[in-house]
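Listed below are the residues making up each chain.
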Amino acid sequence: MLTQTTSRVLEPSDLDAALAVLDREPVANAFVTSRVQIAGLDPWRLGGEMWGWYEDGMLTSLCYAGANLVPICATPRAVRAFADRARRAGRRCSSIVGPAGSTADLWRLLEPQWGPARDVRRRQPLMVTDSLPSGIAPDPYVRRVRKDEMETLMPACVAMFTEEVGVSPLAGDGGLLYQARVAELVGSGRAFARFDTDGKVVFKAEIGAATDRACQIQGVWVAPEYRGTGVAAPGMAAVLRYALADVAPVVSLYVNDFNTAARRAYTRVGFQEVGAFMSVLF
């Protein structure tokens, strides 16, 4: 047992202790928790390392270091230790994302070596709901996407990602990893869309992370020609109905603070702001 204050890379045998930390904030940690519940702490299966911070021998904070760098329940001392470790390892992630406070502290320590970032989004409201809205009927045409509709869905997914992140997910490996992720969501029944009479996507969203306590909606997108026509709120209500019935008792999402149209639609469907995330994009 560790008796000092220290950080180290966690091992598969640390799984229960790591899950206990993740469980302290089930909504904010849904993304990482869902990965750990499926893959454990083996770096190859997890897609990255899990760093742990110990206070008096107790695991108190985590940091997921994979395609994203994600501080979890991170105290100021833990953030400093994670920043030291990240500097020594060198930047391997495409983004830093997590609760706004600890992420801002982490970026302040890493920016001199890792900066400049391509984009810094300092405040992304974290919103949650645990019930269906009373005043918005779910869009009856929003449904689960079938596996044979992947080719129809992909252009909408690519458009959403490019608009949201600022770079195409097809860059680098030609989109193989991104296509595999979309296929995984379709295959698990967590991708939803409304198609028009020509078979084109009108609205889409995915449940990107899911645990037994909370799930997270991501990838919300409305085709440009349908924006401003009232498609988003009923579409979100439909996805919310599926999520609450089939996935988890609490549904969350986070959104850019400057995206006023999306925030308005989410509020109409009953989502309430409970905190904020921050993202640093490279």
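Here's what I pulled together on the structure shown here. What you see is a predicted model; the values in this text were computed from it and never measured. (Residues numbered from 1 in each chain as written. Predicted model: local features only at pLDDT ≥ 70, side-chain atom pairs only at ≥ 80, totals over all residues. Heavy atoms only, no water.)

### A closer look at the sheet that holds strand β8 (residues 191-195)
The strand order β1-β2-β3-β4-β5-β12-β6-β11-β10-β9-β8-β7 describes an open sheet built from twelve strands, whose pairing is mixed. What marks the edges here is a single partner per strand, and that holds for β1 (6-9) and β7 (143-144). Set on the sheet, helix α7 (residues 176-187) makes contact with β8, β9 (201-210) and β10 (215-222); between it and β9 the angle comes to about 85°. Against the sheet, helix α8 (residues 232-246) touches β6 (119-129), β7, β8, β9, β10 and β11 (251-254), its axis set at about 30° to β9. (Pairing = 2+ DSSP bridges. Helix = DSSP H or I, 4+ residues; strand = E, 2+ residues; numbered from the N terminus. Contact = heavy atoms within 4.5 Å. Axes fitted to C-alpha atoms, helices over the stretch in contact; angles between N-to-C directions.)

### Digging into the pattern of salt bridges
Scanning all chains against the criterion turns up 18 salt bridges. Between Glu55 and Arg77 there is a salt bridge, with its nearest N and O atoms 3.4 Å apart. Of this pair, Glu55 sits in strand β2 (residues 49-55) while Arg77 sits in helix α4 (residues 76-89), and the two are 22 residues apart along the sequence. What makes Arg77 partly exposed here is its relative accessible area of 42%. Where Asp139 meets Arg194, a salt bridge forms, and the shortest distance between an N and an O atom there is 2.9 Å. On the criterion of sequence distance, the pair formed by Asp139 in the loop between β6 and β7 and Arg194 in strand β8 is long-range, its members being 55 residues apart. On the accessibility criterion, Asp139 (5% relative accessible area) is buried. Given a relative accessible area of 26%, Arg194 falls into the partly exposed group. If you follow the salt bridges from partner to partner, you end up with Arg143, Arg146, Asp148 and Glu149 in one network. (Salt bridge = Lys/Arg side-chain N within 4 Å of Asp/Glu carboxyl O. Buried < 20%, exposed > 50% of the residue type's maximum accessible area, 1.4 Å probe, protein only.)

### Digging into unusual backbone geometry
Here the amide bond leading from Gly115 into Pro116 is cis, since omega sits at -5°, within 30 degrees of zero. Among the secondary structure elements, Pro116 is positioned in the loop between α5 (100-114) and β6. The backbone phi angle of Asp56 is positive, close to 50°, even though this residue is not glycine. Although it is not a glycine, Cys73 adopts a positive phi angle of roughly 50°. Looking at the element boundaries, Cys73 is found in the loop between β4 (68-72) and α4.

### Considering the pairing of β10
Counting buried positions along β10 gives six out of eight residues, so the element sits mostly inside the fold. Between β9 and β10, which follow one another and run antiparallel, lie four residues. Pairing analysis gives two bridges linking β10 to β11, with the strands arranged parallel. Within the sheet, the bridge partner assigned to Gln216 lies in β11 and is Ser252. In this view, the connection linking β10 to its parallel neighbour β11 by way of α8 has right-handed handedness. (Right-handed = clockwise from strand over helix to strand, strands pointing away.)

### A few points about the packing of helix α6 (residues 150-165) against α7
A pair of packed helices is characterised by two quantities: the angle between their axes and the separation of those axes. Look at α6 against α7: their axes get within 11 Å of each other, and the N-to-C directions meet at 120°. Viewed along their axes, α6 and α7 adopt a mutual orientation that is oblique. Every pair of crossing elements has a handedness; the one defined by α6 and α7 is right-handed. In contact with Met150, Leu153, Met154, Cys157, Val158, Met160 and Phe161 of α6, α7 contributes Tyr178, Gln179, Val182, Ala183 and Val186. (Parallel < 35°, antiparallel > 145°, perpendicular 65-115°, else oblique. Left-handed = near helix turned anticlockwise from the far one by under 90°.)

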